[in-house]
Amino acid sequence: MRLVAWQPDDLLRRLDDVVSVYGEAMGYRPELLQTRRGYIGSHVRRPGFRAVATLTPEGKVAGFGYGYTSIPGQWWHDQVRSALDEPGRRQWLGDCFEVVELHVRPVAQGHGLGARQLRALLAMAKGSTVLLSTPEADEQASRAWRLYRRFGFTDVLRNFWFPGDERAFAILGRELPLASLSEEARS
């Protein structure tokens, strides 16, 4: 497997593959994926956009991740901002990189691909904090939760409901730069 940094055009060229990985990893119904496809395609124009992908030896997309600078007027930013108090807004959203998507095909999970993608994405991130959202789950059973905790992400909001989604999410955050990662997350 090969980890690569992607430019916006790289992600757009592989958008069908990205949406396929996203759908498999999140377990979304196929009818939701067309809407998400449009969102993902538009995200490449956001300020501070950074992306990575894991490619198989055959060049297939096994996983990907991307994010950008979180600013007022962006849907996710505004949803999270409305749920935080003023000190929380200043702490988390004042200079924030948002990890928008980070996924690995289920058949490729459990081999450290997500950790490599997250480490590379956070190393490229600009900002003093990073936020992400992940579906609420058993923290011990969920690979995603174990990954985020290993990387030092803490609770910002729990049991948060985004309009249009059927499940509760947690908003997790950590300070940047990546250099403050624990040794455990580096291994």
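Residues numbered from 1 in each chain as written. Predicted model: local features only at pLDDT ≥ 70, side-chain atom pairs only at ≥ 80, totals over all residues. Heavy atoms only, no water.

## Thoughts on the packing of helix 2 (residues 15-26) against helix 3 (residues 30-43)
Phase 1 of the analysis: Relative to each other, helix 2 and helix 3 sit at 125°, their axes nearing to 10 Å. If you check the angle between helix 2 and helix 3, you find them oblique. When the axes of helix 2 and helix 3 are compared, the crossing they make is right-handed. Note on element contacts: helix 3 touches helix 2 through Leu33, Arg36, Arg37, Ile40 and Gly41, opposite Leu15, Asp16, Val18, Val19, Tyr22 and Gly23.
Phase 2 of the analysis: Partitioned by chemical class, the residues of the contact of helix 2 with helix 3 number 6 nonpolar, 2 polar and 3 charged. (Axes fitted to C-alpha atoms, helices over the stretch in contact; angles between N-to-C directions. Helix = DSSP H or I, 4+ residues; strand = E, 2+ residues; numbered from the N terminus. Parallel < 35°, antiparallel > 145°, perpendicular 65-115°, else oblique. Left-handed = near helix turned anticlockwise from the far one by under 90°. Contact = heavy atoms within 4.5 Å. Nonpolar A, V, L, I, M, F, W, Y, C, P; charged D, E, K, R; others polar.)

## Remarks on the nonpolar core
Most often, soluble globular proteins keep nonpolar side chains buried together rather than apart.
Phase 1 of the analysis: Counting 35 residues, the largest nonpolar core has Trp6, Leu11, Ile40, Phe64, Tyr66, Leu131 and Ile171 as its most contacted members.
Phase 2 of the analysis: When residues no more than four places from it in sequence are discounted, the contact partners of Ile171 are Trp76, Val80, Leu131, Leu132, Ser133, Thr154, Asp155, Val156, Leu157, Phe160 and Phe162. (Core = buried A, V, L, I, M, F, W, Y, C linked by side-chain atoms within 4.5 Å. Buried < 20%, exposed > 50% of the residue type's maximum accessible area, 1.4 Å probe, protein only.)

## A look at helix 4 (residues 75-83)
Phase 1 of the analysis: Within the sequence span of helix 4, burial applies to Trp76, His77, Gln79 and Val80. End-on, the buried residues of helix 4 take up no more than an arc of 165°, which puts them together on one face. (Arc of directions from axis to C-beta.)

## Regarding the environment of Leu93
Phase 1 of the analysis: Tracing the backbone through its elements, the reader meets Leu93 in helix 5 (residues 86-93).
Phase 2 of the analysis: By relative accessible area, Leu93 is classed as buried at 8%.
Phase 3 of the analysis: Along the sequence, Leu93 and Ser128 sit 35 residues apart, while their C-alpha atoms lie 9.3 Å from each other.
Phase 4 of the analysis: With near-sequence residues (within four places) excluded, Leu93 lies in contact with Ser70, His77, Arg81, Leu84, Gly88 and Leu131.

## Topic: unusual backbone geometry
Phase 1 of the analysis: Going from Leu176 to Pro177, the amide bond is cis rather than trans, its omega being 20°.
Phase 2 of the analysis: Locating Pro177 in the fold gives a position in the loop between strand 7 (169-175) and helix 8 (183-186).
Phase 3 of the analysis: A positive phi angle, near 50°, is found at Asn159, a position not held by glycine.
Phase 4 of the analysis: Within the secondary structure, Asn159 sits in strand 6 (residues 154-160).
Phase 5 of the analysis: The exposure class of Asn159 is exposed, given its relative accessible area of 51%.

## Observations regarding the pattern of salt bridges
Phase 1 of the analysis: Applying the stated criterion to the full structure yields 13 salt bridges.
Phase 2 of the analysis: Asp165 is paired through a salt bridge with Arg36; the nearest N and O atoms lie 3.8 Å apart. With Asp165 in the loop between strand 6 and strand 7 and Arg36 in helix 3, this residue pair connects regions lying 129 residues apart in the sequence. Across the pair, Arg36 and Asp165 agree in class, each one buried.
Phase 3 of the analysis: One network of salt bridges, in which partners are shared, links Glu136, Glu139, Arg149, Asp155 and Arg158. (Salt bridge = Lys/Arg side-chain N within 4 Å of Asp/Glu carboxyl O.)

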